[in-house]
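These are the residues of each chain, in order.
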Amino acid sequence: MAETMIALFGGTGPDWTTRQIPLPRPGPGQIVVRARAVALNNADTAMLAAADPTSGGTGKEYQAGYEFAG
């Protein structure tokens, strides 16, 4: 299995950015699901707008994409 994955981040500007990050490591009572497909929805675009520091947003960085199929 790969040691890294590509993730989508918001909060650094008006657009999402992709980044290669280490695979998450599960803690006690947790599992890691390998996602085969992901989706963005209206909540993700609202979060991006609210976090965009170039237009008065919080500037708080976050990992996007809460919908997936594993």
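Residues numbered from 1 in each chain as written. Predicted model: local features only at pLDDT ≥ 70, side-chain atom pairs only at ≥ 80, totals over all residues. Heavy atoms only, no water.

**Q** Go over the overall build of the protein with me, naming the residues and quoting the values.
**A** Looking only at helices and strands, one finds one helix and five strands in the protein. Traced from its N-terminal end to its C-terminal end, the protein shows the element sequence β-β-β-α-β-β. Dimensions of the protein along its principal axes, counting C-alpha atoms only, are 40 × 20 × 20 Å. For the protein, the proportion of its 70 residues judged to be buried stands at 19%. Considering only contacts in the protein between residues 6 or more positions apart, those separated by 24 or more positions represent 55%. On the protein, roughly 5,100 Å² of surface is accessible, and the fraction owed to carbon and sulfur atoms is 58%. When the 5 positive and 6 negative side-chain charges of the protein are each reduced to one mean point, those points stand 12 Å apart. (Helix = DSSP H or I, 4+ residues; strand = E, 2+ residues; numbered from the N terminus. Buried < 20%, exposed > 50% of the residue type's maximum accessible area, 1.4 Å probe, protein only. Contact = heavy atoms within 4.5 Å. Areas by Shrake-Rupley, 256 points an atom, 1.4 Å probe, with all protein chains shown as cover. Lys, Arg positive; Asp, Glu negative; His and termini not counted. Charge placed at Lys NZ, Arg CZ, Asp CG, Glu CD.)

**Q** Mind laying out the packing of aromatic side chains, listing which residues take part and the relevant values?
**A** As enumerated under the stated definition, the model contains zero aromatic pairs in all. Between the NZ or CZ atom of R19 and the centre of the ring of F9, over which it lies, the distance is 4.0 Å. (Phe/Tyr/Trp six-rings, centres within 6.5 Å; stacked < 30°, edge-to-face > 60°. Lys NZ or Arg CZ within 6 Å of the ring centre and 35° of its normal.)

**Q** Any details on the sheet that holds strand 4 (residues 62-63)? Residues and values, ideally.
**A** Strand order in this open sheet of three strands is 2-1-4, and the pairing throughout is antiparallel. Either end of the sheet is taken by a strand with one partner, and the two such strands are strand 2 (17-22) and strand 4. Taken together, the six bridges between strand 1 (residues 4-10) and strand 2 define a ladder with antiparallel strand orientation. Each residue of the ladder has a partner; that of M5, found in strand 2, is I21. (Pairing = 2+ DSSP bridges.)

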